[in-house]
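Structure at a glance
The lines below spell out each chain.
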Amino acid sequence: MERFGRMLISKYFLEQSERIISLQFNSASERYQFFEKTSKNKLQRVPLGMLASHLGMTQETLSRVRARKSTF
């Protein structure tokens, strides 16, 4: 159990570290594209307001990023 707990905490820590680095150094569209690639199943189920908050942007910015993506 201890080993499992340690592995779980390590995985969570790495995910949070990557998210913090992404918020600091990636653009809004890069963050959305990464989320889209890694979490396709969540993209349809999560409300847009929560998704925008998770990605560190406003709902308006998320809307613009999604609109630009659909035009390509």
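Quantities reported herein were computed from a predicted structural model and do not represent experimental measurements.

Considering only enclosed or pocket space, the largest pocket measures out at about 490 Å³ in volume. Together, 16 residues line the largest pocket, and E15, R19, F34, T38 and H54 are the ones closest to its centre. Of all the secondary structure elements, the ones that give two or more residues to the lining of the largest pocket are helix 1 (2-25), helix 2 (28-38), helix 3 (40-43) and helix 4 (48-55). Ranked by the residues each element gives to the lining of the largest pocket, the list is headed by helix 1, at six residues. Residue classes in the lining of the largest pocket are distributed as four nonpolar, seven polar and five charged.

Under the criterion given, the structure shown has two salt bridges. One salt bridge connects E2 with R6, and the closest N-O pair in it is separated by 2.0 Å. Of the two residues, E2 and R6 are both situated in helix 1; the distance of four residues between them amounts to about one turn of the helix. A single burial state applies to E2 and to R6, both of which are exposed. For the salt bridge of K11 with E15, the shortest nitrogen-to-oxygen distance reads 3.5 Å. One end of the pair, K11, and the other, E15, are both in helix 1, four residues apart, so they sit about a helical turn from each other. The exposure class assigned to K11 is exposed, which follows from its relative accessible area of 53%. Residue class for E15 comes out partly exposed when judged on its relative accessible area of 41%.

The rules we used
Residues numbered from 1 in each chain as written. Predicted model: local features only at pLDDT ≥ 70, side-chain atom pairs only at ≥ 80, totals over all residues. Heavy atoms only, no water. 1 Å grid on protein atoms, 1.4 Å probe; cavity = no way out; pocket = protein on both sides within 12 Å on 5 of 7 lines; lining within 4 Å. Points joined across faces, edges and corners; volume = space filled by probe spheres on them. Helix = DSSP H or I, 4+ residues; strand = E, 2+ residues; numbered from the N terminus. Nonpolar A, V, L, I, M, F, W, Y, C, P; charged D, E, K, R; others polar. Salt bridge = Lys/Arg side-chain N within 4 Å of Asp/Glu carboxyl O. Buried < 20%, exposed > 50% of the residue type's maximum accessible area, 1.4 Å probe, protein only.

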